[in-house]
Amino acid sequence: MMDERSIKTIKVFHGIISDMSNVVEDLREKEKEYESLLDENESLRLQLENLKKKHYFGNLTSYFLVISLSMFLASITT
C-alpha cells in the first residue's frame, strides 16, 4: 500500500495536471476568439477599402460634373 506522503504527492501532481488541462482549454478558446477577430478585422478592412474607393470615385465624379457644368455655363454666356 501507499503511504501518506505518496498519496499527497499524487494529489499534488493530479492538481497540477488538472490546472494545466484547464489552461490548455482556455488557450484553445482564446485562439478561437483570436481567429474570429482576425476574420472580422479582415472583413472590416475590405469594407473600408471599398468605402475609400467609392469616396474617391464619388469625388472624381463630382469634379467632372462641376467642370462640365462650368464649361456648359461658359458656353451659354459667350
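Up top you'll find the structure we're talking about.
Below, the structure is looked at part by part. Everything numeric in this text was worked out from a predicted model, so none of it was measured.

**A few points about the overall build of the protein**
Then, in step 1: Secondary structure summary: the protein contains 1 helix and 0 strands in total.
Then, in step 2: Seen along its three principal axes, the alpha-carbon backbone of the protein occupies a region of about 115 × 10 × 5 Å.
Then, in step 3: Looking at the 78 residues of the protein, the share that counts as buried comes to 0%.
Then, in step 4: Here the protein has roughly 7600 Å² of accessible surface; of this, 64% comes from carbon and sulfur atoms.
Then, in step 5: One way to put it: in the protein the 10 positive side-chain charges average out to a point 3 Å from where the 13 negative ones average out.

**Remarks on the pattern of salt bridges**
Then, in step 1: One pass over the full model with this rule turns up 3 salt bridges.
Then, in step 2: For Arg 28, the salt bridge goes to Glu 25, with nearest N and O atoms at 4.0 Å. Of this pair, Arg 28 and Glu 25 both sit in helix H1 (residues 4–77), 3 residues apart, roughly one helical turn.
Then, in step 3: In this structure, Glu 49 and Arg 45 form a salt bridge, with 2.2 Å as the shortest nitrogen-oxygen distance. Separated by 4 residues within a single helix, Glu 49 and Arg 45 lie in helix H1, roughly one turn from each other.

**Thoughts on the environment of Ser 6**
Then, in step 1: If you trace the backbone, Ser 6 turns up in helix H1.
Then, in step 2: For Ser 6, a relative accessible area of 31% gives the class partly exposed.
Then, in step 3: Separated by 18 residues in sequence, Ser 6 and Val 24 have C-alpha atoms that sit 27 Å apart.

Calculation rules
Residues numbered from 1 in each chain as written. Predicted model: local features only at pLDDT ≥ 70, side-chain atom pairs only at ≥ 80, totals over all residues. Heavy atoms only, no water. Helix = DSSP H or I, 4+ residues; strand = E, 2+ residues; numbered from the N terminus. Buried < 20%, exposed > 50% of the residue type's maximum accessible area, 1.4 Å probe, protein only. Areas by Shrake-Rupley, 256 points an atom, 1.4 Å probe, with all protein chains shown as cover. Lys, Arg positive; Asp, Glu negative; His and termini not counted. Charge placed at Lys NZ, Arg CZ, Asp CG, Glu CD. Salt bridge = Lys/Arg side-chain N within 4 Å of Asp/Glu carboxyl O.

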